[in-house]
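# A structural walkthrough
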Amino acid sequence: GPCNKKGWCWAECGSWGWDNCSPGNGGASPGPSPSPTGKGVGQWMADWVKAKDGQFVYSDLQNSASCWDLARKAMEEALKAGYRISHGRSYVWSDTVVNHQNAQPGDIVQFSSWREEDGHSWKETASRHTAVVIEPYGTGGGCKIPTMDQNPGPVTKTDYQPCKRTRGSMKIYRITANSRLRLYAAIATSSSPTEGMSSMGHAMVTLGA
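Residues numbered from 1 in each chain as written. Predicted model: local features only at pLDDT ≥ 70, side-chain atom pairs only at ≥ 80, totals over all residues. Heavy atoms only, no water.

### Things to note about unusual backbone geometry
Most peptide bonds adopt trans geometry, and most residues besides glycine take a negative phi value. For the bond from asparagine 151 to proline 152, the omega torsion is 10°, close enough to zero to count as cis. Positive phi, close to 55°, is recorded for asparagine 63, a residue that is not glycine. Among the secondary structure elements, asparagine 63 is positioned in the loop between helix 1 (41–50) and helix 2 (67–80). Structurally, asparagine 151 can be placed in the loop between strand 8 (145–149) and strand 9 (156–160). Of the residues examined, asparagine 151 reaches a relative accessible area of 14% and is grouped as buried. (Helix = DSSP H or I, 4+ residues; strand = E, 2+ residues; numbered from the N terminus. Buried < 20%, exposed > 50% of the residue type's maximum accessible area, 1.4 Å probe, protein only.)

Structure (structure tokens):
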């Protein structure tokens, strides 16, 4: 069957989306893998965007390098890696919103006219800005949310601090895999993901001191 390099096949049923290609005892299905790569989709997306540090990332959908495209491309690549996720719609990245204190790797942060001030330095976004969380909330101390984002420059690490907010808002979306369990031992099937997100314009973040 069509397997990835680690020997996991795609199949369509149950709570997991992948199963081992080798047959179980008496032809029964072997135990499922929790993900196509052995890690959750959030950590996979976080690792993917971190690997793009210093590059401009273009989404397949609109072939541009706005902040929105970085998150979109991470989701597109997760789909190609075998994760069963939905692209969401416009700036709504999923049906699950979490508190900023619960931010985890792979979450997508959507800002609206955000500004934060820390002493004599400040950070603000345009009316809309998108970033991908790469470490849990509080990593590095204080109320930091470590992210990767882009625009106007290439992909870079940016720490946002909700406790320093002076205006605007942020919404944090949790990306979850919708896979299904109970696999046939060596039979794999696949289906094309639904493209559900429209193209978006550019947004940017600026820093000051």
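There's more to say after this.
### Things to note about the pairing of strand 6 (residues 121–125)
The pairing of strand 5 (residues 108–118) with strand 6 spans four bridges and is classified as antiparallel. The residue of strand 6 that forms the bridge with arginine 115 is glutamate 124. Where strand 5 hands over to strand 6, the hairpin turn is made up of two residues, of which glycine 119 adopts a positive phi near 70°. (Pairing = 2+ DSSP bridges.)

### Quick word on the state of the cysteines
Overall, the coordinates contain one disulfide when judged by the stated rule. Here cysteine 143 connects covalently by a disulfide to cysteine 163, the sulfurs 2.0 Å from one another. Sign of the S-S torsion, about -70° for the bond between cysteine 143 and cysteine 163, identifies this disulfide as left-handed. Here cysteine 163 lies in the loop between strand 9 and strand 10 (165–173) and cysteine 143 lies in the loop between strand 7 (129–133) and strand 8, a separation of 20 residues in the sequence. Judged by its relative accessible area of 5%, cysteine 143 falls in the buried class. Exposure remark for cysteine 163: the relative accessible area of 52% places this residue in the exposed category. (Disulfide = S-S within 2.5 Å.)

Treat this as a map of the structure, not an account of what it does.
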